[in-house]
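Results of the structural survey
Chain by chain, the residues:
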Amino acid sequence: MKELELKSISKSYGKKQVLNNLSCKFGKGIYGLLGPNGAGKTTLISIIVNILKANSGEVLFDGEKIEKMGKEYFRNIGYLPQYPRFYSNYTAQEFLEYIAVIKGLKRDVAKKRIDELFEFVNLQNDRKKKVGAYSGGMRQRLGVAQAIINNPQILILDEPTAGLDPKERIRFRNLISSISQDKTVILATHIVSDVEYMAKEVVMLDKGRFVCNDTPANLINSIGDKVWNINVPENTIDECMEKYIVSNVQHTDNGFLIKTVGDKPSADATQASATLEEVYLYYISEGDAK
């Protein structure tokens, strides 16, 4: 399996530093790129897919600079942007035929591949429907189909489940998991649940810097002594929400049970089990959880 590597990537727009000296390696499997809106995820993805140039640093694929690879690199990339553009008056069939031409697939190869993809993304019965009549979830599945039509080794998805209902989100996650065995999949999102159960590794990006990079299990273990439950009176809930990093609030007969992330909030607080959501709050927070 060929490896994708970022080496000291930095990017600025004028005086604003968007990415600051980022280095990371991506092998086979799903990598969750987590970060709040404005963290630099889309800028980093644009550099990885070579539609935006970094101010410094380099992206390597199989040890070779992607700028020198030219079209060969693009043949190895599949990309679903955050706001994909579809031709609404095209049928889904016509749209994939168009993408196949752009990506240089021969007609007989394209026909077979398109048939396979409609089955794979469960749109076989809707292939003659115009894309403008598709639901949000159907569009995202069509977006995956166009991204993998050339069977790329690297698949990059930017906020792919934004706006999807829970059922479509689960369907989409299962779809991505099923194609990750022989690909590098980078899933950029601010939705923790999208990567919690399927990511091989999680990379967290905040204010242009990588703040952590590890398996979900190791990240959860890293804050095992930083998550607490505490019972608080009802008239103190607003104060507690300001004072602590709170991941959950549950109303009780005596007030509220709140779950906090960080140092022990009070003598009567009890330790609670951590989730990836608490990891996210611990490493990426306007407050100081550390």
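Residues numbered from 1 in each chain as written. Predicted model: local features only at pLDDT ≥ 70, side-chain atom pairs only at ≥ 80, totals over all residues. Heavy atoms only, no water.

1. Thoughts on the confidence of the model for the chain
Averaged over all residues, the pLDDT of the chain equals 92, while 98% of them reach at least 70. The model gives residues 286-290 a pLDDT under 50, and that stretch makes nine contacts with residues more than four places away or in other chains. (pLDDT = per-residue confidence, 0-100. Contact = heavy atoms within 4.5 Å.)

2. Regarding the sheet that holds strand 10 (residues 209-214)
What links the strands of a sheet is backbone hydrogen bonding, and the strands pair in either a parallel or an antiparallel sense. Taken in spatial order, the six strands of this open sheet run 6-7-8-3-9-10, and their pairing is mixed. Two strands in the sheet have a free side with no partner beyond their single neighbour: strand 6 (77-80) and strand 10. Pairs of neighbouring strands in the sheet enclose a mean axial angle of 15°, with direction left out of account. As paired elements, strand 9 (residues 201-206) and strand 10 share five bridges and run antiparallel to each other. In the strand pairing of strand 10, Val203 is matched with Asn213. Packing against the sheet, helix 1 (residues 41-48) makes contact with strand 3 (29-34), strand 6, strand 7 (154-158), strand 8 (184-189), strand 9 and strand 10, and its axis sits at approximately 155° to strand 7. (Pairing = 2+ DSSP bridges. Helix = DSSP H or I, 4+ residues; strand = E, 2+ residues; numbered from the N terminus. Axes fitted to C-alpha atoms, helices over the stretch in contact; angles between N-to-C directions.)

3. Digging into a nonpolar patch on the surface
Judged by side-chain polarity, Tyr87, Tyr90, Tyr98 and Ile102 come together as a nonpolar surface patch covering roughly 370 Å² of accessible area. Structurally, Tyr87 can be placed in the loop between strand 6 and helix 4 (92-102). On the basis of relative accessible area, Tyr87 is assigned to the partly exposed category, the value being 41%. (Patch = residues over 30% accessible without salt bridge, like charges linked within 9 Å, V, L, I, M, F, W, Y side chains within 5 Å. Areas by Shrake-Rupley, 256 points an atom, 1.4 Å probe, with all protein chains shown as cover. Salt bridge = Lys/Arg side-chain N within 4 Å of Asp/Glu carboxyl O. Buried < 20%, exposed > 50% of the residue type's maximum accessible area, 1.4 Å probe, protein only.)

4. Structural notes on the pairing of strand 11 (residues 227-232)
As judged from the six bridges shared by strand 11 and strand 13 (residues 255-261), these two strands associate in the antiparallel manner. What sits directly across from Ile230, in strand 13, is Ile258. In the sheet, strand 11 pairs with strand 14 (residues 270-271) via two bridges, with the strands oriented antiparallel. Opposite Trp228, over in strand 14, you have Gln271 as the bridge partner.

5. Some words on the sheet that holds strand 11
Spatially, the four strands line up as an open sheet ordered 12-13-11-14, and their pairing is antiparallel. Both outer strands of the open sheet, strand 12 (245-252) and strand 14, are each paired with one neighbouring strand and no more. Where helix 11 (residues 276-283) meets the sheet, its contacts fall on strand 11, strand 12 and strand 13, and the angle it forms with strand 12 comes to roughly 130°.

6. Quick word on helix 5 (residues 107-120)
Structural remark: α-helix, 3.6 residues per turn; residues separated by three or four positions point the same way. When the terminal C-alpha atoms of helix 5 are compared, their 20 Å separation across 14 residues agrees well with the 20 Å that a helix rising 1.5 Å per residue should span. Turning to helix 5, its buried residues number three or more, namely Ala110, Arg113, Ile114, Leu117 and Phe118. Down the axis of helix 5, the buried set is contained in an arc of 135°. They therefore lie on one face. For helix 5, the exposed residues set more than 90 degrees away from the buried face come down to Asp108, Lys111, Lys112 and Glu119. In the core, the buried residues of helix 5 are packed alongside helix 4 and helix 6 (136-147). Backbone geometry just after helix 5 places Asn122 at a positive phi near 60°. (Expected span 1.5 Å × (residues − 1). Arc of directions from axis to C-beta.)

7. Here's the deal with the state of the cysteines
This structure, assessed with the given rule, holds zero disulfides. The cysteine Cys212 is free of any disulfide, with Cys24 supplying the nearest cysteine sulfur at 11 Å. A relative accessible area of 10% means that Cys212 is categorised as buried. (Disulfide = S-S within 2.5 Å.)

8. Thoughts on the pattern of salt bridges
When the charged atoms of two side chains lie near each other, side chains of opposite charge can form a pair. What the rule picks out here adds up to 14 salt bridges. With a shortest N-O distance of 3.6 Å, Arg113 and Glu116 are connected by a salt bridge. With Arg113 and Glu116 both in helix 5 and three residues apart, the pair spans about one turn of that helix. With a relative accessible area of 38%, Glu116 lands in the partly exposed category.

9. Let's talk about the packing of helix 6 against helix 7 (residues 166-178)
Viewed as axis vectors pointing N to C, helix 6 and helix 7 meet at an angle of 10°, and their least axial separation amounts to 10 Å. Judged by the angle between their axes, helix 6 and helix 7 are roughly parallel. Within the contact between the two elements, helix 6 uses Gly137, Met138, Gln140, Arg141 and Val144 and helix 7 uses Glu168, Arg171, Phe172, Leu175 and Ile176. Classifying every residue of the contact of helix 6 with helix 7 gives five nonpolar, two polar and three charged. (Parallel < 35°, antiparallel > 145°, perpendicular 65-115°, else oblique. Nonpolar A, V, L, I, M, F, W, Y, C, P; charged D, E, K, R; others polar.)

10. Describing helix 6
Compared with an ideal rise of 1.5 Å per residue, which puts twelve residues at 16 Å, helix 6 spans 16 Å between its outermost C-alpha atoms and is within 8% of the ideal. Judged by how many residues are buried, helix 6 sits mostly within the fold: ten of twelve residues are covered. Here the buried face of helix 6 lies against strand 6, helix 4, helix 5, strand 7 and helix 7.

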